[in-house]
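Listed below, chain by chain, are the residues.
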Amino acid sequence: MEAEITRAIIESASEEWVELAESDVIVVGAGPSGLTAAKYIAEKGFKTLVLERRLSFGGGIGGGGMLFHKIVAEEEAKEVLDDFDIKYKVRRNLLVIDAAEMMAKLAAKAIDSGAKIIHGVSVEDVIFRENPLAVKGVCIQWSAVEISGLHVDPIFLRSGAVVDATGHDAEVISVAARKIPLDIPVVGERSAYSEVAEKEIVEKTGKVVKGLYAAGMAVAAVHNLPRMGPIFGGMLMSGKKIAEIVAEDLS
Ligand code: 48H
């Protein structure tokens, strides 16, 4: 029995990993922007892989506002919330949402739309080509290896598009900006200015270089935009917008 458990797990995981060596789209980060992007991209029929460093979904959602288990969104996010069947209550002109419900439903709908989500994997670099400059995939490592500090070489996953949905540090774009001539200084986000921050992030959501895209707080890091605190509508709308842009570029 024990040997069969091991065979069942390793056989089925390995079969899938062989398939995952190439995807249409790799979304890095299973936070609000990444999960939203994954759902809308996958439901258009693109082979979509989400890589998440942690062993959980939702990125910054679970922490709510300073560990109070609620987050908020503005009116504009209603359409996306409805697409995910996420409930809300209106209070002080804001939509108030349960953090646990949002994490669970974003993940469930992304998976049901066909996106594959793998936990415990970190993206540490990109694959690139020159003339014209383009990102062609990512270099990945088990998060446990990353945390251990052991020197273990990564493996590669190719894709037509890579979406950096890694949050405040824009990890994928930052490493690319250091190592290939992207011509963008990733200077980081600005201090809080909630009235404008979400709108600006959605506006600037888009392509960074051929094959590499920014969604969610990564957009603020790349474009030096203000943060907004625990208000998440902009993250959802940024995820939806990047899905439309990526789908158009890949079609
Ligand atoms: C694999 C990685 C890697 C990597 C990171 O932080 P997130 O929730 O990101 P967003 O942009 O979808 O949402 C931001 C929101 O949570 C937030 O922080 C807000 C609104 N803040 C406003 C404010 O003022 O503070 O999720 C990113 C996910 C996390 O789960 C990371 O573990 C994961 O990406 N991740 N996964 N490889 N290199 N880097």
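Going by the structure above, here's the rest.
Residues numbered from 1 in each chain as written. Predicted model: local features only at pLDDT ≥ 70, side-chain atom pairs only at ≥ 80, totals over all residues. Heavy atoms only, no water.

A tally of regular secondary structure across the protein gives nine helices and 13 strands. On C-alpha atoms alone, the protein measures out to a radius of gyration of 18 Å, which is about the 18 Å that the 2.2 N^0.38 rule sets for 251 residues. Summarising its shape, the C-alpha atoms of the protein cover approximately 55 × 50 × 40 Å along the three principal directions. Per-residue burial for the protein yields a buried fraction of 47% across its 251 residues. Put simply, 67% of the contacts in the protein that link residues at least 6 apart link residues at least 24 apart. Carbon and sulfur atoms make up 54% of the accessible area of the protein, which amounts to about 12,800 Å² in all. (Helix = DSSP H or I, 4+ residues; strand = E, 2+ residues; numbered from the N terminus. Rg over C-alpha atoms; globule rule 2.2 N^0.38 Å. Buried < 20%, exposed > 50% of the residue type's maximum accessible area, 1.4 Å probe, protein only. Contact = heavy atoms within 4.5 Å. Areas by Shrake-Rupley, 256 points an atom, 1.4 Å probe, with all protein chains shown as cover.)

Moving on to the pattern of salt bridges. Opposite charge on two side chains permits pairing when their charged atoms draw close. According to the stated counting rule, one finds 15 salt bridges in the structure shown. When the shortest N-O distance is used, the salt bridge between Glu146 and Arg53 registers 2.9 Å. Of this pair, Glu146 sits in helix H5 (residues 143-148) while Arg53 sits in the loop between strand E2 (48-52) and strand E3 (70-73), placing them 93 residues apart in sequence. Linked through salt bridges whose partners overlap, the residues forming this network are Arg53, Glu146 and Glu171. (Salt bridge = Lys/Arg side-chain N within 4 Å of Asp/Glu carboxyl O.)

So, about the environment of Gly34. Within the secondary structure layout, Gly34 lies in helix H2 (residues 32-42). Remark: the alpha-carbon pair of Gly34 and Gly229, spanning 195 residues in sequence, is separated by 18 Å. With residues up to four places along the chain from it excluded, the contact list for Gly34 reads Val27, Gly29 and Ala165.

Here Asn131 and Pro132 are connected by a cis peptide whose omega angle stands at 0 degrees. Tracing the chain through its elements places Pro132 in the loop between strand E7 (121-129) and strand E8 (134-142). In this structure, Asn131 is a non-glycine residue whose phi angle is positive, near 50 degrees. Looking at where Asn131 falls in the secondary structure, it is placed in the loop between E7 and E8. Relative accessible area serves as the criterion here: at 76%, Asn131 is assigned to the exposed category.

This part covers the site of the ligand. Inspection of the region around the ligand gives 27 residues, with Ser33, Glu52, Gly60, Arg227 and Gly229 positioned closest. Between the ligand and the protein, one listed contact pairs an oxygen atom with a side-chain N or O atom of Glu52 at 2.6 Å. Contact distances for the ligand include 2.9 Å between a nitrogen atom and a side-chain N or O atom of Glu171. For the ligand, the protein covers 93% of the area, taking 800 Å² as the surface of the free molecule. Counting residues per element, the ones that place at least two in the shell around the ligand are H2, E2 and E7. Broken down by element, the residue count for the shell around the ligand peaks at three residues, all from E7. Considering only residue class, the shell around the ligand consists of 11 nonpolar, 11 polar and five charged. (Near = heavy atom within 4 Å. Polar contact = N/O pair within 3.5 Å; in protein donor to acceptor, adjacent residues only side chain to side chain. Nonpolar A, V, L, I, M, F, W, Y, C, P; charged D, E, K, R; others polar.)

Before going further, it helps to examine helix H9 (residues 233-250). Look at H9: 26 Å from first C-alpha to last across 18 residues, which is about the 26 Å you get at 1.5 Å a residue. All of the buried residues in H9 are Gly233, Gly234, Met235, Leu236, Ser238, Gly239, Lys240, Ile242, Ala243, Val246 and Ala247. (Expected span 1.5 Å × (residues − 1).)

So, about the pairing of E8. Where a strand is regular, its side chains alternate between the two sheet faces. Among the nine residues in E8, seven count as buried, and that is most of the element. The sheet contact formed by E7 and E8 spans eight bridges and is antiparallel. Residue pairing for E8: Val123 is matched across the bridge by Ile140. Between E7 and E8, which pair antiparallel in sequence order, lie four residues; one of them, Asn131, sits at a positive phi of approximately 50 degrees. Taken together, the four bridges between E8 and strand E9 (residues 155-164) define a ladder with antiparallel strand orientation. Bridging from a neighbouring strand, Cys139 pairs with Phe156 of E9. (Pairing = 2+ DSSP bridges.)

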